[in-house]
Every structure is written in C-alpha cells, then in structure tokens.
Amino acid sequence: MAGSGIEDVMDPALCSNALLRQAMRSLGQIYDDALAPSGLRATQHGLLATVARLDTPTMGALAEALVMDLSGLGHTLKPLTRDGYLRLEADPRDRRARRVVLTDLGRAKLRETTDLWRGVQARFESALGRERAAELRALHAELASRAFRDSVAEAAAGGDGPQ
C-alpha cells in the first residue's frame, strides 16, 4: 500500500550533504572559538587569507575561489570593508569589474588571526592525526572542485542514479 512518502525518506545519517554540513558546523565552531579573541570568525580569516593569496582578485575570481555566488560574497565582504580590512576598487583594465584589496589594517588583522589559526590547526591535526587531516583536506578539495561539480551535473543530465 502506498503511504504518504514520509516512510520512504532516507535516514539523514546516510545523507552525505547532511553529514558534511554537520561536520563543517562543528569544525566552524571550533575554529570560530579559537579566533574569537581577534573579533573575526574563521570564515572571515579564510576570506582575508584568500584575498592575500590571490593578490587583489576580482569579485568574480574571489567568488570562484571560495565557491560562493557574487551576492553571498558581497554580503560576506560588507563587515570586512566597513571595518577597513578590505577595500573594493574598480579594475583599471575593466571598469565594470571590481577588485578586492587587502588594506594595511587587513594585513595586520590577517597576521593576528593567522597566529590564532595556526594554534587551532595544530590542535585539529593532533586530534585527527596528521595523515588523516591531509587526506581529509585532499577529499574536501576534490569535493569543492569545479571538476567534481561538473561530474555530478553530467551524471544528473545523463539520467544516472536510482530509478
């Protein structure tokens, strides 16, 4: 007999997305707690570090690197620009594009948060083990890659999956 469909719902413990989100919230709390003395969250530290690594990226390049959409990135940038850590400037080669610039104040804040981040990163690796932590980072990098997203999209377009 056909039911309401509720009984057919998969156990959340079997959902990769749900478990990854739970793990990321848990790790986010650990890293946020460690960075709390700086006044920044771990995501904000990561954003400053990515801007520094990319050296004044365009908004589009930064969004791609962070696997974010432009509107989400704009929302995330607001407090960092308001507090003077970042500045948005027109791209001199394409006035329609905006570049994200790490200010001197932002560089100082990044040095401060990097010291705190190194401590929590060392504790994370100690708790999980250096080899497992490296494997986890490699797996997460693969899952975050454009190639992986394209592969899942191609499988969906080709009709692969349970019938």
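Note that the structure is a prediction, hence the values are computed from the model and not measured. In this convention, every chain numbers its residues from 1, walking through the sequence in written order. For a predicted model such as this one, the threshold for reporting local features is a pLDDT of at least 70, and the threshold for listing and counting side-chain atom pairs is 80 or more; totals across whole chains, interfaces and linings nevertheless cover every residue. As a convention, hydrogens and water are excluded, and side-chain values are obtained from all of the structure's heavy atoms.

Before going further, it helps to examine the overall build of the protein chain. Secondary structure counts use DSSP, requiring at least four H or I residues in a row for a helix and at least two E residues in a row for a strand, with both numbered from the N terminus. Check the secondary structure of the protein chain and you find seven helices and two strands. Radius of gyration here uses only the C-alpha atoms, and the compact-globule reference equals 2.2 Å multiplied by the residue count raised to the power 0.38. Scaling as 2.2 N^0.38, a compact globule of 163 residues should have a C-alpha radius of gyration of about 15 Å, whereas the protein chain reaches 20 Å, well beyond that. Structurally, the protein chain occupies a C-alpha span of about 65 × 45 × 30 Å along its principal axes. Look at the contacts in the protein chain between residues 6 or more apart in sequence, and 47% of them connect residues 24 or more apart. Throughout, a residue-residue contact means that at least one pair of heavy atoms, one from each residue, lies within 4.5 Å.

The span one expects for a helix is its residue count, reduced by one, times 1.5 Å. In this model helix H2 (residues 42-54) runs 18 Å from its N-terminal to its C-terminal C-alpha over 13 residues, within 8% of the 18 Å that 1.5 Å per residue would give. Think of it in three bands: residues with accessible area under 20% of the maximum for their type are buried, residues over 50% are exposed, and the middle band is partly exposed, with areas taken using a 1.4 Å probe on protein chains only. Considered for burial, the residues of H2 that qualify are Ala42, Gln44, His45, Leu47, Leu48, Thr50 and Val51. Buried residues belonging to H2 abut helix H1 (16-35), helix H3 (59-66), helix H4 (70-82), strand S1 (86-90), strand S2 (98-102) and helix H5 (104-128). Among the residues trailing H2, Asp55 stands out with phi positive, at a value near 60°.

This brings us to the UniProt feature "domain: HTH marR-type" (unreviewed entry) in the protein chain. UniProt positions are given in the numbering used here, feature names are shortened, and annotations may be inferred rather than shown by experiment. UniProt's feature table lists "domain: HTH marR-type" (unreviewed entry) at residues 13-145, given in the numbering used throughout. End C-alpha to end C-alpha, residues 13-145 measures 24 Å, and it is 71% helix and 8% strand.

Taken residue by residue, H3 has Met59, Leu62 and Ala63 as its buried positions. Down the axis of H3, the buried set is contained in an arc of 100°. They therefore lie on one face. Contacts from the buried residues of H3 go to H2, H4, S1 and S2. In the stretch just after H3, Val67 is the one whose phi turns positive, near 55°. Think of the arc as the fan of directions from the helix axis to the C-beta atoms.

Before going further, it helps to examine the packing of H2 against H4. Comment: axis = line fitted to C-alpha atoms, over the contacting stretch for helices; angle = value between 0 and 180 degrees taken between N-to-C directions. Taken N-terminus to C-terminus, the directions of H2 and H4 make an angle of 95°; their axes are 11 Å apart at the nearest point. When the axis of H2 is compared with that of H4, the two are roughly perpendicular. Side by side, H2 and H4 meet where Gln44, Leu47 and Leu48 of the first sit next to Leu73, Thr76, Leu77, Pro79 and Leu80 of the second. Residues that form the contact of H2 with H4 fall into these classes: six nonpolar, two polar and no charged. When describing relative orientation, an angle under 35 degrees is termed roughly parallel and one over 145 degrees roughly antiparallel, while 65 to 115 degrees is termed roughly perpendicular and anything else oblique. Residue polarity follows a fixed list, in which Ala, Val, Leu, Ile, Met, Phe, Trp, Tyr, Cys and Pro are nonpolar, Asp, Glu, Lys and Arg are charged, and the others, Gly among them, are polar.

Turning next to the packing of H2 against H5. Look at H2 against H5: their axes get within 10 Å of each other, and the N-to-C directions meet at 120°. Of the possible angle classes, the one that applies to H2 and H5 is oblique. In the crossing of H2 with H5, the sense of the turn from one axis to the other is left-handed. Facing His45, Leu48, Ala49 and Ala52 of H2, the residues of H5 in contact are Gly106, Lys109, Leu110, Thr113, Thr114 and Trp117. Across the contact of H2 with H5, the residue classes tally to five nonpolar, four polar and one charged. Whether a crossing is left-handed or right-handed is set by the direction in which the near helix is turned from the far one by less than a right angle, anticlockwise for left-handed and clockwise for right-handed.

Let us look at the environment of Lys109. With respect to the helices and strands, the residue Lys109 is situated in helix H5. On a C-alpha basis, the gap between Lys109 and Leu136 in space is 28 Å, while along the polypeptide they are 27 residues apart. In this structure, Lys109 is in contact with Ser38, Leu40, Leu48 and Tyr85, ignoring residues within four places of it in sequence.

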